Amino acid sequence: MSQSAPEPILALEDVRFSYRRRGRPEREVLRGVTVAIAPGEMVALLGPNGSGKTTMLRLAVGTMAPSSGFVRLDSRPVGEWTRREVAQRVAILPQLPSLPDGFRVEELVEMGRAPHARSRFGAGPEDEAAVERALIDADAIDLVGRRIDELSGGERQRVLVAMALAQEPRLLLLDEPTQHLDLAHQVALLAALDRLRRSRGLAVVAVLHDPALTALSVPRVILLNHGRVVADGQSGDVLRPPTIASVFGISLPIAVALGGGAGGSGGSVPG
Amino acid sequence: MRATAAVRPLVGGPSPGRATLVLGAGISLLLVAVLAGVAVGSVEVGLTETFGIIAQHLGLPVAPTWDASAPTILFEVRLPRVLAGALVGAGLGCAGVVFQALLRNPMADPYVIGAAAGASLGAVLAITAPIVLPILAVGAGSAWLGIGLAQVMAFLGGLAAVTLVLIVARQDGRASMVTLLLTGYAVSSLIAAGVALLLVSSGRALSSVVGWLLGSLGGTGYPELAVAAPLVLGGSALLLLRWRTLNLLLLGDEAASGLGVDLAAARRGLVLLATVVTSAAVALAGTIGFVGLVVPHLVRLAIGPDHRLLLPVSCLGGAALLVTADLVARLVGGVPVGVVTALIGAPFFLWLLRRSVAAPTSP
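## Description of the overall build of chain B
So, step 1. Helix and strand content of chain B: 15 helices and 0 strands.
So, step 2. Burial analysis of chain B (363 residues in total) assigns 50% to the buried set.

Here it is, written out as structure tokens:
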């Protein structure tokens, strides 16, 4: 991989965020986060519950604005893009999306084409191609024709990933994409994402919880705690038992397969 | 690459064949209902004669075989009433779909955020207190348009009540859909209390007000239709163009926003259009219940949740249902059409409730 640092697709500069509630003290969720994600990079976001992971993703797509600091998407403050322009660049897979009954798999995946829609009426051949590619890449092509409400949790998750891929984003944000997936599908999903970042140059940021799985599949890890980045670097360096113990407040003998299968390609841009 | 996708197209929504079939069925249903509505009544005209009268009206050389009063009955009495039924049913069906998607609530109907309550108050004010000065001004306008004061007041009342609900429900510049729903309920109750108070304090106009509240298509003329039709049809057409947004809203706020929907703007547009359609429908026929609730569910069960077909078919289905219900109401002997739709609607609502309790699902 090239050594010259490419322009980041996403950059957070000293970002702070507080939830304001009338008559209650502010709760500061992010306290000065600075992070840059390069195109084609795959990053895992780890941290305890309430450490600010989901908030960070929401700020990245501009559905919430930072209290201070800057969020730049594709070199421009995210608030200056329209929702549609953001959606042409970033796809986000929320933690708990609601799936309407009655739609078929391919109909749902086609909704991912919305930000690229040229006509008010239908879809074109490029939509067709994107939907098919997304279904194949997300290992969901064999689910075509089935109704969403008939799928298992894991199958739904694959369909949702396909929907996000159909959006053909340059940055893919996944909030706990491995939930509902069995171990084999977790590994398969992360491997598929790794292939995509290589083939499409897609940048991926995924909120994950399992340090072992992360170390196995993701080259770079950002560790959040209490709204601050406490570590950012190659997963082998970040995911050491003492760090895990201090951040999560537990001391489990974690069998982290350090240095094994992490893709090995550099891509770490320490804060 | 596997060749699975070569079997049939993956995208593009319903296939042209299926869309034609479904829309054709809807249009046929509506045409049958309209023909029946025009031909059947206390004075039997007959289907052949109905066709003859229509043909003659279109300038075709047809020898009249019918009673001299038949064309008048058809064109001046029944046709405006049938057209009003079709228009109101189409508007309520369409607005019902929109509110159910917007609020992501299967129990939502076009009246849920205050349009019906506001329209009732407007109409009741017009009937019971027409001497108040601002109402006099509106009265002059409505007289100029050649339509009833109650209708104009109902339309304005519907718009005003929804605007009030939107303002009250706003927090930090945006309203959550649950807040909107609950605010709509509370404001509707408040307005209903006001309507009841007006009714109690003025006994003389009671029966005409109650008739209006139950919903009736009688007494609608062409001037009213000419004003309401562009509002209902234009609004529905603009809603139809927003099918993609409606589909995306079903995915929830965060996903819809992530797919490029500007939530605040999209909701503003949808609420505004659906409220205009609803208020125009209510102004024309009073608060006819259950059409806006039942039709979207029936159509969804039949053809699925994709708004590309759901919206137009709900328009056609709502129109056909209301024309048929009005025919039944006339045949039974002057029962308000709202009573007929409630008689169909309430049992359906109960069934829906039992079904959603048995299998908890999203709309």
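## Some words on the overall build of chain A
So, step 1. Broken down by element type, chain A carries 9 helices and 10 strands.
So, step 2. The proportion of buried residues among the 271 residues of chain A is 47%.
So, step 3. Within chain A, counting contacts between residues at least 6 apart in sequence, those at least 24 apart form 70% of the total.

## What about the interface of chain B and chain A?
How big an interface is tends to be reported as the loss of accessible area on association of its parts.
So, step 1. The interface of chain B with chain A comprises 30 residues on the first partner and 33 residues on the second.
So, step 2. Of all the secondary-structure elements, those providing two or more residues to the side of chain B that touches chain A are α10 (243-249) and α11 (253-258) of chain B.
So, step 3. If one sorts the elements of the side of chain B that touches chain A by residue count, α11(B) sits on top with 4 residues.
So, step 4. Across the side of chain B that touches chain A, the residue classes break down as 13 nonpolar, 11 polar and 6 charged.

## Some words on the pairing of strand β8 (residues 203-207) of chain A
Residues and elements named next belong to chain A.
So, step 1. For β8, the buried fraction is high: 5 of the 5 residues fall into the buried class.
So, step 2. Of the two faces of β8, both are covered, the one formed by Ala-203, Val-205 and Val-207 as well as the one formed by Val-204 and Ala-206.
So, step 3. Relative to β8, strand β3 (residues 42-46) is paired through 4 bridges, and the arrangement is parallel. Counted as the bridge partner of Met-42 is Val-204 from β8.
So, step 4. Alignment of strand β7 (residues 171-175) against β8, held across 5 bridges, turns out to be parallel. Within β8, the residue paired with Leu-174 across the bridge is Ala-206.
So, step 5. Between the parallel elements β7 and β8, the chain passes through helix α6 (residues 183-200) in a crossover that is right-handed.

## As for the packing of helix α3 (residues 70-102) of chain B against helix α13 (residues 291-303) of chain B
Residues and elements named next belong to chain B.
So, step 1. One can describe the packing of α3 onto α13 by two numbers: an axis separation of 8 Å at closest approach and a directional angle of 70 degrees. Compared by their axis directions, α3 and α13 come out roughly perpendicular. Across the interface between the two elements, Gly-89, Leu-92, Gly-93, Ala-95, Gly-96, Val-97 and Gln-100 from α3 touch Val-291, Gly-292, Leu-293, Val-295 and Pro-296 from α13.
So, step 2. Here the contact of α3 with α13 is built from residues that sort into 7 nonpolar, 5 polar and no charged.

## Focus on the sheet that holds β8(A)
All names here are of chain A.
So, step 1. If you walk across this open sheet you meet the 6 strands as β6-β7-β8-β3-β9-β10, and the pairing is mixed. The open sheet terminates on both sides in strands that have one partner only, identified here as β6 (90-93) and β10 (228-234). Across the sheet, the mean angle from the axis of one strand to that of its neighbour is 15 degrees, orientation sign disregarded.

## Side note on unusual backbone geometry
So, step 1. Within the chain, A:Ser75 stands out as a residue other than glycine whose phi angle is a positive 70 degrees.
So, step 2. Considering the arrangement of structural elements, one finds A:Ser75 in the loop between β4 (68-73) and β5 (76-77).
So, step 3. Here B:Phe290, not a glycine, exhibits a phi torsion of approximately 75 degrees, which is positive.

## Examining the sheet that holds strand β2 (residues 27-37) of chain A
Residues and elements named next belong to chain A.
So, step 1. Read across the open sheet, the 4 strands follow the order β2-β1-β4-β5; overall the sheet is antiparallel. On the outer flanks of this sheet lie β2 and β5, each paired with one strand and no other.
So, step 2. Across 8 bridges, strand β1 (residues 10-19) lies against β2 in antiparallel orientation. Across the sheet, the residue bridging to Phe-17 is Leu-30, located in β2.

## Here we look at helix α4 (residues 115-128) of chain B
So, step 1. An ideal rise of 1.5 Å per residue puts 20 Å on 14 residues; α4(B) measures up with 20 Å between its terminal C-alpha atoms.
So, step 2. Burial analysis of α4(B) places 14 of its 14 residues in the buried class, which makes it a mostly covered element.

## Concerning the environment of A:Asp14
Residues and elements named next belong to chain A.
So, step 1. In this fold, Asp-14 is placed in strand β1.
So, step 2. As for Asp-14 and Val-35, which are separated by 21 residues in sequence, their C-alpha atoms are 8.5 Å apart.
So, step 3. Those residues within four positions of Asp-14 in sequence are excluded, and the remaining contacts are Gly-32, Thr-34 and Gly-69.

## Remarks on helix α9 (residues 222-240) of chain B
Residue and element names in this part refer to chain B.
So, step 1. When the terminal C-alpha atoms of α9 are compared, their 26 Å separation across 19 residues agrees well with the 27 Å that a helix rising 1.5 Å per residue should span.
So, step 2. Residues of α9 that are buried: Glu-224, Ala-228, Val-232, Gly-235, Ser-236 and Leu-239.
So, step 3. Turning to α9, the residues buried within the fold contact α3, α6 (149-169), α12 (263-285) and α14 (307-332).

## Notes on the packing of α4(B) against helix α8 (residues 206-214) of chain B
All names here are of chain B.
So, step 1. Contact pair α4 / α8: the axes reach a minimum separation of 10 Å and the direction vectors enclose 160 degrees. Taken together, the axes of α4 and α8 are roughly antiparallel relative to one another. α8 is crossed by α4, and the crossing has right-handed handedness. Of the residues in α8, those touching α4 at Ser-120, Ala-123, Val-124, Ile-127 and Thr-128 are Ser-208, Val-209, Trp-212 and Leu-213.
So, step 2. When grouped by side-chain class, the residues that make up the contact of α4 with α8 number 6 nonpolar, 3 polar and no charged.

## With respect to the nonpolar core
So, step 1. One finds A:Leu45, A:Val90, A:Val109, A:Val159, A:Ala162, A:Leu173 and B:Val98 to be the most contacted residues of the largest nonpolar core, which totals 189 residues.
So, step 2. By residue number, the principal contributor to this core is α3(B), which donates 16 residues.
So, step 3. The contacts of A:Val90, once residues within four sequence positions are left out, are A:Ala60, A:Val61, A:Leu73, A:Pro169, A:Leu171 and A:Leu173.

## Considering the pairing of β6(A)
Residues and elements named next belong to chain A.
So, step 1. The side-chain alternation of β6 yields two buried faces, one formed by Val-90 and Ile-92 and the other by Ala-91 and Leu-93.
So, step 2. Across 4 bridges, the pairing between β6 and β7 is parallel. Looking across to β7, one finds that Leu-93 is bridged to Leu-174.

## Quick notes on the environment of B:Val32
So, step 1. Considering the arrangement of structural elements, one finds B:Val32 in helix α1 (residues 16-39).
So, step 2. When the C-alpha positions of B:Val32 and B:Leu74 are compared, they lie 16 Å apart, and in sequence the two are 42 residues distant.

## Some remarks on the confidence of the model for chain B
Residues and elements named next belong to chain B.
So, step 1. Confidence along chain B averages 83 in pLDDT terms, with 86% of residues attaining 70 or more.
So, step 2. Least confident of the elements in chain B is helix α5 (residues 133-145), whose mean pLDDT is 64; most confident is α10, at 94.
So, step 3. Predicted confidence is poor over residues 359-363, with pLDDT under 50, and the contacts of this stretch with residues over four places away or in other chains come to 10 contacts.

Rules and cut-offs
Residues numbered from 1 in each chain as written. Chains lettered and ligands numbered in written order. Predicted model: local features only at pLDDT ≥ 70, side-chain atom pairs only at ≥ 80, totals over all residues. Helix = DSSP H or I, 4+ residues; strand = E, 2+ residues; numbered from the N terminus. Buried ≥ 20, exposed ≤ 12 C-beta atoms within 10 Å, placed from the backbone. Contact = placed C-beta atoms within 7 Å. Nonpolar A, V, L, I, M, F, W, Y, C, P; charged D, E, K, R; others polar. Pairing = 2+ DSSP bridges. Right-handed = clockwise from strand over helix to strand, strands pointing away. Axes fitted to C-alpha atoms, helices over the stretch in contact; angles between N-to-C directions. Parallel < 35°, antiparallel > 145°, perpendicular 65-115°, else oblique. Expected span 1.5 Å × (residues − 1). Left-handed = near helix turned anticlockwise from the far one by under 90°. Core = buried A, V, L, I, M, F, W, Y, C linked by C-beta atoms within 7 Å. pLDDT = per-residue confidence, 0-100.

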